[in-house]
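# Observations on the model geometry
Take a look at the letters that make up each chain.
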Amino acid sequence: MDHVASSAPDARSVPVCYRHPDRETGVRCTRCERPVCPECMVSASVGFQCPECVHGGGPAPSGGEGGGTARPMAAARPRTIAGGTMTADPRLLTKVLIGINLAVFLVQLAVGESFTQRFELIGRAYTPLLPGIQGIAEGQYFRLLTAMFLHGGYAHILFNMLSLWWIGGPLEAALGRARYLALYVVSGLAGSALTYLIAAPNQPSLGASGAIFGLFGATGVLMRRLNYDLRPLVALLVVNLIITFTPGFNIAWEAHVGGLVAGVAAGYAMVHAPRRNRALVQYGTCALVLVVVAVLTLVRTGQLT
């Protein structure tokens, strides 16, 4: 890892918290512009401030190495470690995703099994409540996406939504909304594509687990980048994987593995991309994952038709 080792700033290095030199951060105090890590940042009316500025002891903002005039506020807009824009509600998108999942689940309860069978992930098969052959191989590619918002019961959706809140909220705050949404979608689609490729064509699959495992993977990459203790996350992930592969739970392990691998790949690009081409690397990696998803989908469709 790169560290700040001299008094002359290097524009290519990632700043470290001025109170915790072992923690890299992309957020700066909006008043004095010193780098601050999540533990030190204090929410202000605009962005975040360091503890000294909050208590009135911070230095006034300067416009350069030699003092001078203050820089415009727009130039000092705080950014996340991944380059995303800091927002007043850093968990808003996570709340929206939870709301969408809950709303779709209520529709499942109200409409019945016919709704679930129309939108769950299935390769190619006859379904009891729908006419003709159904499935992705029949051109119903939307099932790769819609299956991510369906759930098989109260315990299923409760566990997934709690996981989404615990893992997704902090990750959204660290990445920013656009990057977080891209990560969620590509992880979920990767899980769906691997399930479609490997699972039996008449085996239905549904749930947000693929996307959530992608968030697990990206969180691990982020925590390692910030030198946080990974043991609690690893323990939680191991427990989830044990449950995933335990016979009798009827879990589509393909979605979990596909989402996890995609989440690690996209998450690595999110937090390790060079600042100069940050957006290109981040969204380019997500696009590459989508290309892999498309290839796997076409290969499996060719096998089934």
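Read on for an overview of the structure.

What counts and how
- Residues numbered from 1 in each chain as written.
- Predicted model: local features only at pLDDT ≥ 70, side-chain atom pairs only at ≥ 80, totals over all residues.
- Heavy atoms only, no water.
- Helix = DSSP H or I, 4+ residues; strand = E, 2+ residues; numbered from the N terminus.
- Expected span 1.5 Å × (residues − 1).
- Buried < 20%, exposed > 50% of the residue type's maximum accessible area, 1.4 Å probe, protein only.
- Arc of directions from axis to C-beta.
- Phe/Tyr/Trp six-rings, centres within 6.5 Å; stacked < 30°, edge-to-face > 60°.
- Lys NZ or Arg CZ within 6 Å of the ring centre and 35° of its normal.
- Salt bridge = Lys/Arg side-chain N within 4 Å of Asp/Glu carboxyl O.
- Axes fitted to C-alpha atoms, helices over the stretch in contact; angles between N-to-C directions.
- Parallel < 35°, antiparallel > 145°, perpendicular 65-115°, else oblique.
- Left-handed = near helix turned anticlockwise from the far one by under 90°.
- Contact = heavy atoms within 4.5 Å.

## Section: helix α8 (residues 231-245)
Taking 1.5 Å as the rise per residue, α8 with 15 residues should run 21 Å; its terminal C-alpha atoms sit 21 Å apart, in good agreement. Within α8 the residues assigned to the buried category are Leu233, Leu237, Asn240 and Thr244. Looking down the long axis of α8, one finds its buried residues gathered within 60 degrees of arc, a one-sided arrangement. Turned more than 90 degrees off the buried face of α8, the exposed positions are Arg231, Pro232 and Ile242.

## Structural notes on the packing of aromatic side chains
A full pass over the atoms with the stated rule returns four aromatic pairs. Residues phenylalanine 115 and phenylalanine 119 carry aromatic rings whose centres are separated by 5.0 Å and whose planes lie at 50 degrees to one another, so their mutual orientation is tilted. Of this pair, phenylalanine 115 and phenylalanine 119 both sit in helix α3 (residues 113-119), four residues apart, which is roughly one turn of that helix. Residue classification places phenylalanine 119 among the partly exposed residues on the basis of a relative accessible area of 25%. An aromatic cluster is defined as three or more aromatic residues linked by ring pairs; in this entry it consists of Phe115, Phe119 and Phe142. The side chain of arginine 34 reaches across the aromatic face of tyrosine 18, ending 4.3 Å from its centre. Between the NZ or CZ atom of arginine 91 and the centre of the ring of tryptophan 165, over which it lies, the distance is 4.5 Å.

## What about the pattern of salt bridges?
One pass over the structure, following the stated rule, counts four salt bridges. For lysine 95, the salt bridge is made with aspartate 89, and the minimal N-O distance between the two is 3.1 Å. Taking the relative accessible area as the measure of exposure, lysine 95 reaches 41% and is therefore partly exposed. Classification of aspartate 89 as partly exposed rests on a relative accessible area of 25%. Its salt-bridge partner being aspartate 229, residue arginine 231 comes within 3.1 Å of it at the nearest N-O pair.

## Focus: unusual backbone geometry
One non-glycine residue, glutamate 33, lies in the positive phi region at around 70 degrees. Along the chain, glutamate 33 turns up in the segment before β1 (42-43). Its identity is not glycine, yet asparagine 227 carries a phi of approximately 60 degrees, on the positive side. The exposure class of asparagine 227 is partly exposed, given its relative accessible area of 38%.

## Side note on the packing of helix α6 (residues 177-198) against helix α7 (residues 209-225)
Viewed as axis vectors pointing N to C, α6 and α7 meet at an angle of 125 degrees, and their least axial separation amounts to 7 Å. Of the possible angle classes, the one that applies to α6 and α7 is oblique. Crossing handedness for the pair α6 and α7: right-handed. Side by side, α6 and α7 meet where Tyr180, Leu183, Tyr184, Ser187 and Gly188 of the first sit next to Gly210, Ala211, Gly214, Leu215 and Ala218 of the second.

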